[in-house]
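# What the coordinates show
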Amino acid sequence: MEPAGEQILEAGRAIRPYLVDLFPERPDTHRELDVCLAAALALTTRDEQAAASEVSALLRTHPETAHWTAKFAAHGVPEDAARRGHGPGGLGELVIAPRYACPVDDDYVWYRRSVGVLPPRCPTHDVRVQPAPRTPR
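Since we're looking at a predicted model, the values are computed, not measured.

## Focus: the overall build of the protein
Within the protein one finds five helices and five strands. From first element to last, N terminus to C terminus, the protein shows the α and β order α-α-α-α-α-β-β-β-β-β. When each of the 137 residues of the protein is scored for burial, the buried share is 39%. Summed over all atoms, the accessible surface of the protein reaches about 7900 Å², with 55% contributed by carbon and sulfur.

## Here's the deal with the side chain of R13
Structurally, the position occupied by R13 is in helix 1 (residues 3-15). Within the structure, the side chain of R13 is placed 2.9 Å from the backbone oxygen of D106, a separation counted as a polar contact.

## Regarding the state of the cysteines
Tallying each qualifying case throughout the model produces zero disulfides. In this structure C122 is a free cysteine whose sulfur lies 3.6 Å from that of C102, the closest cysteine sulfur available.

## Some words on the packing of aromatic side chains
In this description, an aromatic ring pair is defined by two values, namely the gap between the centres and the angle between the planes. For the structure shown, the criterion picks out three aromatic pairs. Relative to W68, the ring of Y18 lies with its centre 5.3 Å away and its plane at 45°, an arrangement referred to as tilted. Of this pair, Y18 sits in the loop between helix 1 and helix 2 (19-22) while W68 sits in helix 5 (residues 63-75); the two residues are 50 residues apart in sequence, bridging distant segments of the chain. Of the two residues examined, Y18 and W68, each falls in the buried class. Pairing W68 with F72 gives two aromatic rings, centres 5.4 Å apart and planes at 20°, and the pair type is stacked.

## Concerning the nonpolar core
In this structure, L37, V55, L59, W68 and Y111 are the most contacted members of the largest nonpolar core, which totals 27 residues. Contributions of two or more residues to this core are made by helix 1, helix 3 (27-42), helix 4 (48-60), helix 5 and strand 4 (109-111). In this structure, C102, Y108, W110 and C122 belong to the second largest nonpolar core, which totals six residues.

## A few points about the packing of helix 4 against helix 5
Geometry of a packed helix pair, given as the angle between the helix axes and the separation of the axes. The geometry of helix 4 relative to helix 5 is characterised by a closest axis approach of 6 Å and an angle of 115° between their N-to-C directions. Packed against helix 4, whose contacting residues are L58, L59 and R60, the element helix 5 presents T65, A66 and T69 at the interface. Across the contact of helix 4 with helix 5, the residue classes break down as three nonpolar, two polar and one charged.

## A few points about the packing of helix 3 against helix 4
Relative orientation of the contacting elements helix 3 and helix 4 amounts to 165°, with a least axis distance of 8 Å. What the angle tells us is that helix 3 and helix 4 run roughly antiparallel. Relative to helix 4, the crossing made by helix 3 is left-handed. Each of L33, C36, L37, A40 and L41 in helix 3 lies in contact with helix 4, whose residues at this interface are A51, E54, V55, L58 and L59. Its residues assigned to classes, the contact of helix 3 with helix 4 shows nine nonpolar, no polar and one charged.

Rules used throughout
- Residues numbered from 1 in each chain as written.
- Predicted model: local features only at pLDDT ≥ 70, side-chain atom pairs only at ≥ 80, totals over all residues.
- Heavy atoms only, no water.
- Helix = DSSP H or I, 4+ residues; strand = E, 2+ residues; numbered from the N terminus.
- Buried < 20%, exposed > 50% of the residue type's maximum accessible area, 1.4 Å probe, protein only.
- Areas by Shrake-Rupley, 256 points an atom, 1.4 Å probe, with all protein chains shown as cover.
- Polar contact = N/O pair within 3.5 Å; in protein donor to acceptor, adjacent residues only side chain to side chain.
- Disulfide = S-S within 2.5 Å.
- Phe/Tyr/Trp six-rings, centres within 6.5 Å; stacked < 30°, edge-to-face > 60°.
- Core = buried A, V, L, I, M, F, W, Y, C linked by side-chain atoms within 4.5 Å.
- Axes fitted to C-alpha atoms, helices over the stretch in contact; angles between N-to-C directions.
- Contact = heavy atoms within 4.5 Å.
- Nonpolar A, V, L, I, M, F, W, Y, C, P; charged D, E, K, R; others polar.
- Parallel < 35°, antiparallel > 145°, perpendicular 65-115°, else oblique.
- Left-handed = near helix turned anticlockwise from the far one by under 90°.

Shape descriptors only; they carry no functional weight alone.
Structure (structure tokens):
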């Protein structure tokens, strides 16, 4: 799969924890979108390109998700999961929060921005997400 397709799949995995915040006044919207994203991501095992196309279409459906996805594209992670490190030499390298993913199907990704926060459970499989560094395909 081409890098753009993998990036859109990763955006679909990573946006799921943010849907509640993106649609605070519309719980039905975030629930429906989460279910649709999970179903589209499940296609990955059979046809990655079809899955990427479906996820892309879902992420463009709402201005909130389209805007979030555009910001995600800058670093390949959610905006709040990337920051510039500060050290003795001034601005340092980009520091990315540790990535956690659903161990069952890798369809739900969460970034741990604080060690004091317990990793959530995947809403699709009801299992706690596990550390899962992103590996190139």
